[in-house]
Amino acid sequence: MVLTMYYSFVIFQSMELQKLLYYLTFFFVVLPAGKVSPASLDGVTRDVQLLLSFKGTILNPGVLQNWQPNQNPCYFTGVACKNSRVSALDLSSLPLNSDFRGISSFLMSVERLESLTLKNASISGNLTSASASRCSELLSELDLSGNSLSGSISDISSLSSCSGLKSLNISHNSLTFSVGPRDSGGLRLSFQALDLSYNKLSGQNVVAWVLAGGCNELKYFSVGGNKISGNIPVSSCRSLEYLDVSSNNFSGEVPSFGGCSALQHLDLSTNQFSGDIGAPLLGCQQLRFLNISSNQFSGNIPSFPSGSLLSLLLSANNFQGEIPLHLADACSTLIELDISSNHMHGTVPSSLGSCSSLEYFNLSNNNFSGEFPIETLIQMTSLKKLVLSYNNFDGSLPDSLSMLTHLELLDLSSNNISGSIPPGLCQDSKNSLHELYLQNNLFTGAIPATLSNCSHLVSLDLSFNYLTGRIPSSLGSLSQLRDLVMWFNQFQGEIPQELMYIQTLENLILDNNELTGTIPAGLSNCTNLNWISLSSNQLSGEIPAWIGRLSNLAILKLGNNSFYGSIPPQIGDCQSLIWLDLNSNHLTGTIPPTLAKQSGKIAVALIAGKSYVYLKNDGSSNCHGAGNLLEFAGIRQDELNRVPTRRQCNFTRIYIGKTAYTFNNNGSMIFLDLSYNMLEGSIPKELGNMFYLSVLNLGHNNLTGPIPPEMGSLKSVGVLDLSHNKLEGPIPNSLSGLTLLSEIDLSNNNLSGLIPDSGQLGTFPAFRYANNSGLCGYPLPVACGVGPSASNLQHHKSSRRQTSLAESVAMGLLFSLFCIFGLIIVAVESSKRRKKKDASLDLYIDSRSHSGTVNVSWKLTGAREALSINLATFEKPLRNLTFADLLEATNGFHNDSLISSGGFGDVYKAELKDGSVVAIKKLIHVSGQGDREFTAPS
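The residue numbering used here restarts from 1 in each chain and proceeds along that chain's sequence as written. Local features in this predicted model are restricted to residues of pLDDT 70 or higher, and side-chain atom pairs are both shown and tallied only at a pLDDT of 80 or more, whereas totals for entire chains, interfaces and linings draw on every residue. For the side-chain quantities, the full set of heavy atoms in the structure was used; hydrogens and water were omitted.

**Q** Whenever I open this one, the sheet that holds strand 50 (residues 726-729) confuses me. Can you help?
**A** By way of backbone hydrogen bonds, the strands of a sheet pair with one another, either parallel or antiparallel. At least two bridges found by DSSP between two strands is the condition for calling them paired. The secondary structure listing takes helices from DSSP runs of H or I that are at least 4 residues long and strands from runs of E that are at least 2 residues long, numbered from the N terminus. Strand order in this open sheet of four strands is 48-50-52-53, and the pairing throughout is parallel. Edge positions in the open sheet fall to strand 48 (704-705) and strand 53 (774-776), since each of these has one partner strand only. The pairing of strand 48 with strand 50 spans two bridges and is classified as parallel. By the bridge assignment for strand 50, T704 is matched with K726.

What follows is the structure in C-alpha cells.
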C-alpha cells in the first residue's frame, strides 16, 4: 500500500530539513513500503544524479524528457530496475548526439548497472575516455553498435575497469586496426561475446591480435564486413558457438576449427577461401548454420555434418557435377538449401524429396536440365521459396503445384518451360503465393482468368513469353499487387479498366505487345504508380492529363504508339519524373515549358535496385528515338536478339545494371525524348534548367525559332539531338560549354552563321551539321563570309592553325592519359573477363556495379557515363600494335568498320591477325600543318 503525506504552510530554513523532506516524500509517496533501507535511498539518489548528469551532456535533452529530479528513476525512459536500483539501460535509436565521454563518465558508473544498450543512438568519440572513469562491477553487457565511434580496436583495453564485462558489441562503427608498442601483445580482455563486424578493420593479424588473450570462454565472435586477411586462429576456442568472418579478404584453405564440438553458426561467405571445406567440419556435429557462399570452393559438393544442420548456403562458388546423393542425408533437418550460381548440372534427384522441412530451395544460375521436377517438389510440403531460374528445365507446369500451399515465392524465369500457365495454380484457397516469376520461358496460350485466385500476389512477371489473348480483367481483383510486368508477349485488346482497383500498383510494364485502345482513365486511382511502360504497342488517343497527379511517377514510356494531341503540361507536376519517352507518336502542339517544372525538386527515392537494360539506338533512319529502357529482371542477355527493334537498330551499345539513387542534391529529369512527332513552336528556354539531363532528343519534329542560349546550362547532357526541324539562327556560343557532350546532331535545319570553334562543337563530324544552308565553319567545308579579302581569310586560317596546334598538344596529353587509363582498365577487366563469350551479340555491354546511393533522387546507375561513353570490355590484354596493323585490321579505317562517332573521335571495330576482335578509337583529326591522327585502343 502506498501512503500519501500532505505538507502545507511549512517553510524549511536549512538544507538538512529539505533533504529530509525529500527522503520522507520519496519513501512514502514513491517507493513501496517495507522494501527500502536508508542505504538504498542513498544509492537511488546516486543513480538519479548520474542519469541527470548524463542528460546534461547530450545535445538534445528533450529525447529524455521524463528524466526529472525528485522522480523515481525506475520510470525513466529506457530504465529497468532490480530492487529499486537501476540495473539496465536501453536507449537504442534515440538521437542522443552524445560523446562517449559522457557515457563512460556517468552511465557506465551507475553502481548496479548490468546491461547498457546504446544501439543506433548517435554516439561519437572513442573508447579511451573509459580508462579515466569508474565502471560498474556488475556491467556484463555493453552494446554500442550502429554509432560513429572511431579510434583503434586497441582502445577496447580502456574498458578493463569493467571487470565483469562479458559481452561487447561495437559493430557498425568506424574503428580501425592500429596498435602501438604498449598494445603489441594483443587484446588482453576475455569476452564471451565480441562483435567487431562492419567497422574499418584491415590487415593480416587482426584476429590473432584480438584473440591473443585467450578464447576459452568465447562463445560469440564476429568480424564480418571488414577488410581483414591472414589467419583465423580459433582452433583453441573450445566454447565457440557462433563465428562470422564473412565479407573480408580471407583466402586460401579454411582455418582449423579444432574439435568444434560447440560450433553452431559458421559464416565464411564473401571471401576467397578455397580447397576442401568438408574435412575441417567433420567434427562440428552441432552445426546448424553454414554459409560458404561467394568463395572459390570447387569440385563436387562434399559431405557436411548431418543431424542438426538447418541452413546450408553454398551459392556463388565453383562447385560442379550433379547434386550428390549424400546431400539427402543432411536433408531431413534442413530449412534452407542454396546451391545457386555454381556449375552444377544434371537433374534434381528424387531423394531430395526427403527434405520435408525445407522452406527455401534455390538452384538458380546453374545448368540443371530435365523435366520440371514436380514429383520431388510436392514432397517438400513446407516450401515457402522455390527459385529455379536460369537453368534448362523443360516440360510443363502441372496444377499439382497448388499442393504447395505454403509457397510464397516461385521463380522459374529463364528456363525452357512450355505449355500454358496452369489454371489451377492457386486453386487451393489456402494458397500463400506472393511472387510469381515465369518470364523468359516458352509459355503459350492465354493467361488463365483463375490466376486471380492467387489473391496474395504482390509481384507477377510473365514477360518474354509467347502468351496471347487479352489481359484478363479478373486481375483487377489482385488487391495487393505492386508489380504487373508482362512485356514482350502477343497480348491484344485493351488494357483492362479493372486495373483501376489495384491501388497498390507501382509498376505497370506492358511494352512490346499488340495492345490497342486508350490508357484507361481509372488508372488515375493507382496513385502509387512509379513505372508506367506501354511503348511499342498500338495504343491511341490523347495522353491523359491526370498523369500529372501521379506524384510518385519516375518513368513514363509511351513511345512507338499512335497517341495524338498535345503533350499535357500537367506532366510537369509529376514531382518524381526522371524519364519521359514519348517518341514516335502523332503528337502536335508545342513543347510545354512546364516539363522543366520539377527541376531541383525531385526529393523522393522510389525505384532502387530494379534490373534494367538500356539499348542505345544507332541513329539510322529505321531506328527511332534515342534508345530504349527496358525492365530486365530474370531475362538472359542473349534474349535481346528477340527484341523487335534489334532488326531495325544496330545496337552497338547496351547497358545493363540496376537502378540506383545517385543525385547529391535534388535532381531533375535525366532522359527526355520527344522525337519523331509533329511538334511545333520554339524550344522552351526553361529546358535549360534541367541540369541533370543526360539525353535530350527533340529531333524529327517541326520546331521553329532559334536554339535558346539557355541550352548551354545543360551541363550533364551527353546526347543532344535537334535534327530534322526548322530551327533557325546561329548556334549559341553557350553550347561550347557542354563539356560532357559525346553526341550532337543539329543537321537538317535552317541554322546559319559560324559554328563556334571553342569547346567540343568543332570535334564532331560534318554530317552532324549538314543541310543547314546558312551554316559555315569547321568542320563543314563551307568557309564563312561573302568574298572575304585574302588577308582576312589568311588571318582566319592562321588563327585556326594556332588553335589546331594547341588542340594537338592537348590531344597528345589526352592520348597519354588515355593509354595509361586504358592499361589500368585492361588489367582489371582481363582478370574479370567472362569465361563464355556471348557471340550472338556483336556489342559492348556495360554492367558495372555501383554501390553508392543517396536518398534524394533517382537516376540510372552511371547514367551520364552509360548514355555518353562507349566502354569496351577487353577479352585479351593489350599488345604492341603498329599503325600498319591498325590500318589492316580496320580496312584503312573504312566506314564499314565504324562503330560510333563521338566528341573525341571515331570508334572502329578491328579484327586482329590472331582472330580477336577489339575496338580502336581514332582520336580527332586536327586540321592545319603537321596534322596527325592519333589512334588508341578503346
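This is not the end of the story, as more comes after the structure.
**Q** Got a minute to help me understand the side chain of N585 in this structure?
**A** Inspection of the secondary structure puts N585 in the loop between strand 41 (579-581) and strand 42 (586-587). Working definition: with a 1.4 Å probe on protein chains only, accessible area under 20% of the residue-type maximum means buried, over 50% means exposed, and in between means partly exposed. According to the relative accessible area criterion, N585 is buried, its value standing at 5%. When checking whether two residues touch, look at their non-hydrogen atoms; a contact exists if any pair is within 4.5 Å. Apart from residues lying up to four places away in sequence, N585 is in contact with L558, G559, N560, N561, S562, F563, Y676 and N677.

**Q** It is not clear to me how the sheet that holds strand 7 (residues 148-149) should be interpreted in this structure. Could you clarify?
**A** Spatially, 3-5-7 is the arrangement adopted by the three strands of the open sheet, whose pairing is parallel. Of all the strands in the sheet, the pair left with one neighbour each is strand 3 (98-99) and strand 7. The sheet contact formed by strand 3 and strand 5 (residues 123-125) spans two bridges and is parallel. Note on strand 5: the bridge partner recorded for D99 is S124.

**Q** Where do I start with the pattern of salt bridges in this structure?
**A** Pairing between side chains of opposite charge can happen when their charged atoms approach one another. By salt bridge we mean one thing: a side-chain nitrogen of Lys or Arg within 4 Å of a carboxyl oxygen of Asp or Glu. With the rule as written, the count across this model stands at 11 salt bridges. Taking the shortest distance from any N to any O, the salt bridge between K557 and D511 comes out at 3.0 Å. A residue pair is termed long-range when its members are at least 10 positions apart, and K557 in strand 39 (residues 555-557) and D511 in the loop between strand 35 (507-509) and strand 36 (514-516) qualify at 46 residues. For D511, a relative accessible area of 2% corresponds to the buried category. Two residues, K597 and D573, come together in a salt bridge whose shortest N-O distance is 2.6 Å. Here D573 lies in the loop between strand 40 (562-565) and strand 41 and K597 lies in the loop between strand 42 and strand 43 (611-616), a separation of 24 residues in the sequence. Judged by its relative accessible area of 31%, D573 is partly exposed.

**Q** I would appreciate a short explanation of the environment of M500 in the present structure.
**A** As for its placement among the helices and strands, M500 is situated in the loop between strand 34 (492-494) and strand 35. For M500, a relative accessible area of 21% corresponds to the partly exposed category. Distance in space between the C-alpha atoms of M500 and S524 is 7.4 Å, their sequence separation being 24 residues. In this structure M500 touches G522, L523, N525 and C526, once residues within four positions along its chain are discounted.

**Q** Looking at this model, I keep getting lost on the confidence of the model for the chain. Mind explaining?
**A** Reading predicted coordinates in detail is not appropriate for stretches of low pLDDT. Confidence per residue, as judged by the predictor, is encoded in pLDDT with a range of 0 to 100. A residue-level look at the chain finds 78% of positions with pLDDT of 70 or above and a mean pLDDT of 82. Here residues 1-38 scores under 50 on pLDDT; set against residues more than four positions off or in separate chains, the count is 31 contacts. Note on residues 814-880: pLDDT is under 50 here. Beyond four places in sequence and across chains, it has 141 contacts.

**Q** Would you take a moment to explain the environment of I447 for this structure?
**A** Structurally, I447 is set in the loop between strand 30 (442-446) and strand 31 (459-461). With relative accessibility at 6%, the residue I447 sits in the buried group. For the pair I447 and I471, spaced 24 residues apart in sequence, the C-alpha separation works out to 6.9 Å. Leave out the neighbours within four places in its chain, and I447 touches L462, L467, T468, P472, M486 and F491.

**Q** When you look at the pairing of strand 20 (residues 318-321) in this model, what are you seeing that I'm missing?
**A** In summary, the side chains of a regular strand alternate between the two faces of the sheet. Only one face of strand 20 is covered, namely the face carrying F319 and G321; the face carrying N318 and Q320 is uncovered. As paired elements, strand 18 (residues 298-299) and strand 20 share two bridges and run parallel to each other. Counterpart to S298 in the pairing with strand 20 is N318. Pairing of strand 20 with strand 22 (residues 343-346) involves two bridges; the strand directions are parallel. Along strand 22, the bridge assignment pairs Q320 with H343.

**Q** Please explain the pairing of strand 2 (residues 85-90) as it appears in this structure.
**A** Bridging between strand 1 (residues 79-82) and strand 2 involves four bridges; their strand directions are antiparallel. When the bridges of strand 2 are listed, V79 appears paired with L89. Between strand 1 and strand 2, which pair antiparallel in sequence order, lie two residues; one of them, N83, sits at a positive phi of approximately 50°.

**Q** Could you clarify how one ought to interpret the packing of aromatic side chains in this entry?
**A** What characterises a pair of aromatic rings is the spacing of the ring centres plus the angle enclosed by the ring planes. Under the pairing criterion, centres of Phe, Tyr and Trp rings, with the six-membered ring standing for Trp, must be within 6.5 Å; the plane angle then separates stacked pairs below 30 degrees from edge-to-face pairs above 60, leaving the rest tilted. Under the criterion given, the structure shown has 12 aromatic pairs. Where F464 meets W487, the ring centres are 5.0 Å apart and the plane angle is 80°; that geometry is what we call edge-to-face. Of the two residues, F464 sits in the loop between strand 31 and strand 32 (466-468) while W487 sits in the loop between strand 33 (483-485) and strand 34, which places them 23 residues apart along the sequence. Taken together, the aromatic side chains of W579, Y614, Y655 and F671 make up a single cluster linked through ring pairs.

**Q** Would you mind showing me how to read the state of the cysteines here?
**A** To count as a disulfide, a pair of cysteine sulfur atoms needs to be within 2.5 Å. Summed over the entire model, instances satisfying the criterion amount to seven disulfides. Through a disulfide, C74 is tied to C81; the S-S separation comes to 2.2 Å. Torsion about the S-S bond of the C74 and C81 cystine: about -105°, corresponding to left-handed handedness. Each sulfur in the disulfide pair C135 and C162 lies 2.1 Å from the other. Taking the sign of the S-S torsion, 105° for the link of C135 and C162, the bridge is right-handed. In this pair, C135 sits in the loop between strand 5 and strand 6 (141-143) while C162 sits in the loop between strand 7 and strand 8 (167-169), placing the two residues 27 residues apart along the sequence. An identical accessibility class is assigned to C135 and C162; each is buried.

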